[in-house]
Amino acid sequence: MKKVNIAIVGATGMVGRTFIKVLEERNLPIENIYFFASSRSAGSKISFKGQEYTVEELNENSFDRKIDIALFSAGASASEKFAPIAASKGCVVVDNSSAWRMDPKVPLVVPEVNPQEVRKHNGIIANPNCSTIQAVVAIKPLHDKYTVKRIVYSTYQAVSGAGMKGYKDLEEGLKGAPPQKFPHPIAGNCLPHIDSFLPNGYTKEEVKMINETRKILGVPDLRITATTVRVPVFNGHSESINLEFEKQFDLDELKETLKNAPGVVVQDDPENNVYPMPINVSGRDETFVGRIRRDESVESGVNLWVVADNIRKGAATNAVQIAEELVKWWNE
Ligand code: A2P
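Below you will find a few notes about this structure. Since the structure is predicted, the reported quantities are computational estimates derived from the model, not experimental observations.

### Notes on the packing of aromatic side chains
For any pair of aromatic rings, the description consists of the separation of the ring centres together with the inter-plane angle of the planes.
Move 1: Applying the stated rule across the entire model yields 10 aromatic pairs.
Move 2: Geometrically, the ring pair formed by Tyr-146 and Phe-245 is tilted, given 5.3 Å between the ring centres and 50° between the ring planes. Remark: Phe-245 occurs in strand β11 (residues 237-245) and Tyr-146 occurs in helix α3 (residues 130-146); sequence separation between them is 99 residues. The pair Tyr-146 / Phe-245 is uniform in exposure class, with both members buried.
Move 3: Note on Phe-245 and Phe-249: the rings are 5.5 Å apart at their centroids and 80° apart in plane angle, and the pair reads as edge-to-face.
Move 4: On the accessibility criterion, Phe-245 (2% relative accessible area) is buried.
Move 5: Phe-249 gets classed as buried once you look at its relative accessible area, which sits at 8%.
Move 6: Chaining the aromatic ring pairs together yields one cluster made of Phe-35, Phe-48 and Tyr-53.
Move 7: The ring of Tyr-34 carries Arg-65 above its face, with NZ or CZ at 4.7 Å from the centroid.
Move 8: Sitting over the ring of Phe-249, Arg-294 keeps its end group 4.1 Å from the ring centre.

So this is what it looks like as structure tokens:
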């Protein structure tokens, strides 16, 4: 099997550190690995599989050596600038930022949903938004069977999704400190505001969920609306997902479909208080689905409660799975 040279860009960040953890756990055949961040943390040390590495400052020459795959999570502006440089030197970038997701030349991939798309890359593959990834893992098997015609998303998103600074705002806010990252205190609060507001009153996060879901499912005009909310949870995004279908369904059969779907774990035993919760999903790579019940207000619809570790399946694990798809392909 061909071994690959890997780079982690944004190695010191919330997602970057999880890239490292996930790579240590899985079996991607790695020859060499390089770690990049900004000048702020260049020179600091990172340990990977028992060996110590020095973090390098990311610059125009970082990809002059042979790097097969670079996992980027250093924000949209670093991706805008450096992903094309990396791609021009023969590296495939798996980018966790929002910079390239809606570019028609860039595949947007969730390996359980559209793995074949990796083969269409032009040097950059985008990792979807964390809230979109867990949603489509749950929706895709139902869409294949019953054809989704409308989606209503309401999210309850953890502070880890806003990086180290978001995490600190909750940690310090619980001790009474004023917020540094969010516009209001997050401790004891809910903020119906993730990313910036657009002229139509939606936030960018909401529009990302709408557009990315359409792109990944391959239904450009799918009717979707979303309200995304930051809640005082450290890690693990929760989502209420309301789906309306073209076709009729049997609820038991729908539950069976979800139980057999790749990457999905059904936790649905309300009588025994069993349903997915963020405190139970941290460190897991699957998407957890519960509260599965018919929407009695429409002809054919269902409500789902969908929870996943937003830093793992919502970012790092998904990106590593994309890298695994690439390596699988290169080894064919
Ligand atoms: P640094 O630690 O040097 O600031 P998070 O999302 O958790 O805040 O992490 C962001 C990650 O992206 C960090 O590793 C950060 O490095 C890195 N980063 C931010 N801006 C740049 C940049 N312009 N070039 C390279 N890495 C960057």
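### Let's talk about the pattern of salt bridges
Move 1: As enumerated under the stated definition, the model contains 22 salt bridges in all.
Move 2: Residue Glu-172 pairs with Lys-175 through a salt bridge whose shortest N-O separation is 3.5 Å.
Move 3: When its relative accessible area of 31% is taken as the criterion, Glu-172 is described as partly exposed.
Move 4: By relative accessible area, Lys-175 is classed as exposed at 65%.
Move 5: Salt-bridge contacts for Glu-325 lead to Lys-328; the nearest nitrogen and oxygen are separated by 3.5 Å. With Glu-325 and Lys-328 both in helix α8 (residues 312-330) and 3 residues apart, the pair spans about one turn of that helix.
Move 6: A residue is classified by how much of its surface remains accessible, and Glu-325, at 17% relative accessible area, is buried.
Move 7: For Lys-328, a relative accessible area of 51% gives the class exposed.
Move 8: Here the salt bridges do not stand alone but share partners, grouping Glu-25, Arg-26, Asp-285, Arg-312 and Glu-324 into one network.

### Structural notes on the environment of Asn-273
Move 1: Positionally, Asn-273 belongs in the loop between β12 (264-266) and α7 (278-281).
Move 2: In this structure Asn-273 comes out as exposed when scored by relative accessible area, which is 56%.
Move 3: Distance in space between the C-alpha atoms of Asn-273 and Met-14 is 32 Å, their sequence separation being 259 residues.

Rules used in this analysis
Residues numbered from 1 in each chain as written. Predicted model: local features only at pLDDT ≥ 70, side-chain atom pairs only at ≥ 80, totals over all residues. Heavy atoms only, no water. Phe/Tyr/Trp six-rings, centres within 6.5 Å; stacked < 30°, edge-to-face > 60°. Helix = DSSP H or I, 4+ residues; strand = E, 2+ residues; numbered from the N terminus. Buried < 20%, exposed > 50% of the residue type's maximum accessible area, 1.4 Å probe, protein only. Lys NZ or Arg CZ within 6 Å of the ring centre and 35° of its normal. Salt bridge = Lys/Arg side-chain N within 4 Å of Asp/Glu carboxyl O.

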